[in-house]
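Next come the chains, spelled out residue by residue.
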Amino acid sequence: MDIIKCGDSRKLLKELEDRSVQCVYLDPPFNSNRNYVLTPDNKLGFKDKFDDDEYISLIEPMIREIKRVLKDDGSLFFHISADQMFIPHLLCKKYFKKMQPIFWQRSRSKNNTKTKLGACTDVIFWCSKAKSPKFNMVYQPLDEYYASNSYKNEDSRGNYALGHVVYTATQKTENEERLYEIVHNGNTYKPENGWRMSKEDLESMIEDDRIHFPKKPNANLYKKIYKHESKGKPATDYWNDIHSIAMGAEKRKYPTQKPVTLLSRIIEMSTDEGDVVLDPVAGSGTTGVAAKKLNRSFILFDISPEAVKLCKEQTSKDT
Ligand SMILES: C[S@@+](CC[C@H](N)C(=O)[O-])C[C@H]1O[C@@H](n2cnc3c(N)ncnc32)[C@H](O)[C@@H]1O
């Protein structure tokens, strides 16, 4: 069941049940000391001039309530410009156990700056109550460096990179069943820190010629990761493959509107189909559009009636 409501999120969030939401995307005013308008009548826009105390009193009550409504394995994604990251960083650290910054390069260059460096990067703090929140691997396109340096090996199927099948000393397994030995072409392999997969799975990969046997008999084995089968590179904390609305194909309907592709990646990595995604400062409803496309439910709040109208329009379109 999807919900779109107009009001101050510091109040509306109190209406939500404890531990009822899997993922929250929070993209509040950035404290950028300007006001945003899209239309000349000033209706589509919002205030972004605060002193630090006012700003804290806007976002801290939201973060506190978000922590309450998040499931134990849920995630908050707090989006902020790099030059205003310090207050959000302190507050996210105060309320959440785990925090990893994601750096989003939203543009390549700024040609109109004359007195300062062009600001091209936003930070998205990925925060959770749990050490290991729900996580689905997402992928970024292979960049040239990765493609030419990783897929150096070749067999009759094609070029492949090497993936780990044994644990390193720092990750040593405590599972006795992962301390088995494999004999292949007269060589015995029994890594002292254990295998990352069951004996059955490893044997079936050997059978299918998907395990790389180095020339040295005592060296570690690796799994073959073929270039032609690759979904891309496992995502890093540096996202430079998603364009801002200004540079991409999407039409801007709202100032500071974020691209659907950005929200899709966030939702895919932190939720499964049917989970609930919440955006307490929804603007044009990008989070709702991405959630709907990915078969997740959404809850959108915004204090501006015009933004809420836009959220309804955007999320009612066919995806
Ligand atoms: C940066 S914009 C969000 C843009 C949005 N992510 C998008 O893609 O369109 C921030 C939004 O926060 C809303 N806002 C500011 N204070 C709020 C509050 N106390 N409660 C709810 N919404 C608020 C503003 O009206 C504005 O639409």
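Calculation notes
Residues numbered from 1 in each chain as written. Predicted model: local features only at pLDDT ≥ 70, side-chain atom pairs only at ≥ 80, totals over all residues. Near = placed C-beta within 6 Å. Helix = DSSP H or I, 4+ residues; strand = E, 2+ residues; numbered from the N terminus. Nonpolar A, V, L, I, M, F, W, Y, C, P; charged D, E, K, R; others polar. Pairing = 2+ DSSP bridges. Buried ≥ 20, exposed ≤ 12 C-beta atoms within 10 Å, placed from the backbone. Axes fitted to C-alpha atoms, helices over the stretch in contact; angles between N-to-C directions. Parallel < 35°, antiparallel > 145°, perpendicular 65-115°, else oblique. Left-handed = near helix turned anticlockwise from the far one by under 90°. Contact = placed C-beta atoms within 7 Å. Expected span 1.5 Å × (residues − 1). Domains from an automatic or database assignment.

(A) Inspection of the site of the ligand at higher detail. In the neighbourhood of the ligand, 22 residues make up the surrounding shell, with Ser9, Val281, Gly283, Ser284 and Thr286 lying closest. When contributions to the shell around the ligand are tallied by element, the ones reaching two or more residues are helix H1 (9-12) and strand E18 (297-302). The residue inventory of the shell around the ligand, partitioned by class, reads 10 nonpolar, 7 polar and 5 charged.

(B) Fine view of the sheet that holds E18. The strand order across the open sheet built from 8 strands is E1-E18-E17-E2-E5-E7-E6-E16, with neighbouring strands paired in mixed fashion. Where the open sheet ends on each side, the last strands, each with one partner, are strand E1 (3-6) and strand E16 (238-239). Pairing between strand E17 (residues 276-279) and E18: 4 bridges, direction parallel. Of the residues in E18, the one forming a bridge with Val276 is Ser297.

(C) Layout of unusual backbone geometry. Positive phi outside glycine occurs at Asp209, with the angle close to 55°. By the secondary structure assignment, Asp209 is in the loop between helix H5 (199-207) and strand E13 (211-212). On the basis of neighbour counts, which here come to 11 C-beta atoms within 10 Å, the residue Asp209 falls in the exposed class. Backbone geometry at Thr256 places phi at a positive 65°, although glycine is not the residue there.

(D) Inspection of the packing of helix H6 (residues 260-270) against helix H7 (residues 286-293) at higher detail. Where H6 contacts H7, the axes come no closer than 9 Å and their chain directions differ by 60°. Judged by the angle between their axes, H6 and H7 are oblique. As H6 runs across H7, the sense of the crossing is right-handed. When H6 is examined against H7, the residues Val260, Leu263, Ser264 and Ile267 are found in contact with a partner set consisting of Thr286, Thr287, Val289, Ala290, Ala291 and Lys293. The residue makeup of the contact of H6 with H7, split by class, is 6 nonpolar, 3 polar and 1 charged.

(E) Expanded view of the pairing of strand E10 (residues 158-164). Bridge count for strand E9 (residues 153-155) against E10 is 3 bridges, and the pairing is antiparallel. Residue pairing across strands places Glu154 opposite Asn159, the latter belonging to E10. Counted along the chain from E9 to the antiparallel partner E10, the turn is 2 residues long.

(F) Summary view of the packing of H7 against helix H8 (residues 305-316). Across the interface, H7 lies against H8 with an axial gap of 9 Å and an inter-helix angle of 20°. One way to sum up the angle between H7 and H8 is to call them roughly parallel. Between H7 and H8 the crossing geometry is right-handed. On H8, the residues that touch Gly288, Val289 and Lys292 of H7 are Cys311, Gln314 and Thr315.

(G) Here's a closer look at the sheet that holds E13. The strand order across the open sheet formed by 4 strands is E9-E10-E14-E13, and the pairing between neighbours is antiparallel. Each end of this open sheet is capped by a strand with a single partner; those strands are E9 and E13.

(H) Local environment of helix H2 (residues 52-69). End to end, H2 covers 26 Å across 18 residues, agreeing with the expected 26 Å (1.5 Å per residue, within 8%). The set of residues buried in H2 consists of Tyr55, Ile59, Met62, Ile63, Glu65, Ile66 and Val69. Those residues of H2 that are buried are in contact with H1, strand E2 (21-26), strand E5 (70-81) and helix H3 (86-95).

(I) Representation of the domain arrangement of the chain. Annotation of the chain at the domain level lists domain 1 (3-141 + 233-315) and domain 2 (151-229). Between the C-alpha centres of domain 1 and domain 2 the distance comes to 40 Å.

(J) Expanded view of the environment of Leu262. Turning to its location among the elements, Leu262 is positioned in helix H6. The sequence separation of Leu262 and Phe125 amounts to 137 residues, and the corresponding C-alpha distance is 14 Å. Discounting chain neighbours no more than four positions away, the residues touching Leu262 are Trp104 and Ile242.

(K) Broad picture of H6. Within the sequence span of H6, burial applies to Leu262, Leu263, Arg265, Ile266, Ile267 and Ser270. Of the surrounding secondary structure, the elements contacted by the buried residues of H6 are E2, E5, strand E6 (98-105), E17 and H7.

(L) Inspection of the environment of Lys71 at higher detail. Take Lys71: it is sitting in strand E5. For Lys71, a count of 20 C-beta atoms within 10 Å gives the class buried. With near-sequence residues (within four places) excluded, Lys71 lies in contact with Arg19, Val21 and Gln22.

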